[in-house]
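Inside the fold
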Amino acid sequence: MTTRRDFLQNTVALAGGMALSAVVQAKESNKQAPNLDKLTDESGKYVLLPLPYAYDALEPVIDARTVELHYNFHHKPAVAAANNAEDALAKAREANNFTLVKHYEKELALGLSSHILHTLYWGNLSAVGGNPAGGLLKALEKHFGSYNKFKAHMTAATISVEGAGWGVLGYLPASEKLMVLQCENHQKLTAWGIIPLLVLDVWEHAYYLKYQNRRAEYVNNLFGIINWNSVAERFDWAVR
Ligand code: MN3
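Note that the structure is a prediction, hence the values are computed from the model and not measured. (Residues numbered from 1 in each chain as written. Predicted model: local features only at pLDDT ≥ 70, side-chain atom pairs only at ≥ 80, totals over all residues. Heavy atoms only, no water.)

It is worth spelling out unusual backbone geometry at this point. The linkage connecting E59 with the following residue, P60, adopts the cis geometry, with an omega of 0°. The topology assignment puts P60 in the loop between α2 (20–28) and α3 (64–95). The phi dihedral of E176 is positive, around 55°, even though this residue is not glycine. Position of E176 relative to the elements: it lies in the loop between β1 (165–172) and β2 (177–184). Residues other than glycine seldom take positive phi values, yet L189 does so here, at roughly 70°. Relative to the assigned elements, L189 resides in the loop between β2 and β3 (195–201). The exposure class of L189 is partly exposed, given its relative accessible area of 46%. (Helix = DSSP H or I, 4+ residues; strand = E, 2+ residues; numbered from the N terminus. Buried < 20%, exposed > 50% of the residue type's maximum accessible area, 1.4 Å probe, protein only.)

Moving on to the environment of K45. Counting through the fold element by element, K45 comes out in the loop between α2 and α3. Residues K45 and N83, 38 residues apart in the sequence, show an inter-C-alpha distance of 6.3 Å. Within the local environment of K45, its side chain forms a polar contact with the side chain of D87, the two groups lying 2.5 Å apart. (Polar contact = N/O pair within 3.5 Å; in protein donor to acceptor, adjacent residues only side chain to side chain.)

Take the pattern of salt bridges next. Counting across every chain of the model gives three salt bridges. Here K45 makes a salt bridge to D87, at a shortest N to O gap of 2.5 Å. Pair noted here: K45 is in the loop between α2 and α3 and D87 is in helix α3, with a separation of 42 residues, a long-range link. One salt bridge in this structure joins E217 and R214, with 2.7 Å as the shortest N-O distance. The class for E217 is partly exposed, based on a relative accessible area of 35%. (Salt bridge = Lys/Arg side-chain N within 4 Å of Asp/Glu carboxyl O.)

Moving on: the pairing of β3. For β3, a buried count of seven out of seven residues is recorded, marking the element as mostly surrounded by other parts of the structure. Direction of pairing for β1 relative to β3: antiparallel, over a ladder of six bridges. Note that in β3 the partner of Y171 across the bridge is I195. (Pairing = 2+ DSSP bridges.)

Packing of helix α5 (residues 134–144) against helix α9 (residues 228–238) brings their axes to within 9 Å, and their N-to-C directions diverge by 80°. As summarised for this structure, α5 and α9 are arranged roughly perpendicular, according to the angle between their axes. For the pair formed by α5 and α9, the contact residues are G135, L136, A139 and L140 on the first element and W228, V231, A232 and F235 on the second. Residue composition of the contact of α5 with α9, by class: seven nonpolar, one polar and no charged. (Axes fitted to C-alpha atoms, helices over the stretch in contact; angles between N-to-C directions. Parallel < 35°, antiparallel > 145°, perpendicular 65-115°, else oblique. Contact = heavy atoms within 4.5 Å. Nonpolar A, V, L, I, M, F, W, Y, C, P; charged D, E, K, R; others polar.)

This paragraph deals with the coordination of the manganese ion. Distances from the manganese ion to its protein donors, H70 (NE2), H118 (NE2), D201 (OD) and H205 (NE2), fall at 2.0 to 2.2 Å. Mapping the donors of the manganese ion onto the primary sequence yields the spacing H-x47-H-x82-D-x3-H. Here H205 lies in the loop between β3 and α7 (208–211) and H70 lies in helix α3, a separation of 135 residues in the sequence. Taken individually, H70 and H205 each receive the classification buried, so the pair is uniform in this respect. (Donors = N, O, S within 2.8 Å, 3.2 Å for Na, K, Ca; no water.)

Everything listed here is a matter of coordinates, which is why it stays silent on function.
What follows is the structure, encoded as structure tokens:
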């Protein structure tokens, strides 16, 4: 089977006398990261995509009411906050008045990071579940020793996030490494340049109706509904 990467490599290999624009065009069509391909509309405003499934699609691991509240009253307001912050910063530049710049920079980092992570989170989950395979599995084995070691690391890191935050599996092109990170809130404790592949939300709003204080049980159950195809798609894109 010809993969997209093979196709691009072949395209480049054949490109000896080929117009550069054609190569650029091939790369352009590959520019958007899968599962994060519509953060904004044509005007550049951040937009909330429809959930990729019904509210009850993740039952019984995540109950329908939690998904409904999470999407409408946590993810959606973050989109508005990111737009509002960018608008306010544009006005500040226009007026050359930066009195509130610190406030809106914080709002932008928080709101936009929330939008990015929640968009990934919905795509990272699916009632179908399954296990990682192929190149992604090989990379997990290479970087973490085995899939089980990765799972133990990711689970422990996610459960022990201090307060509200996320467990993150990411790929850093600059080091060609897969990494587990512990993110606080939506924007703290990252490594610049990392491409998030799998993100697990451990803000209380993500689990409290069903699990109350039992974050560990929620995180362990999450591993049964991970859409590994979505993780693999992003991994393939990140290492391309
Ligand atoms: Mn959340």
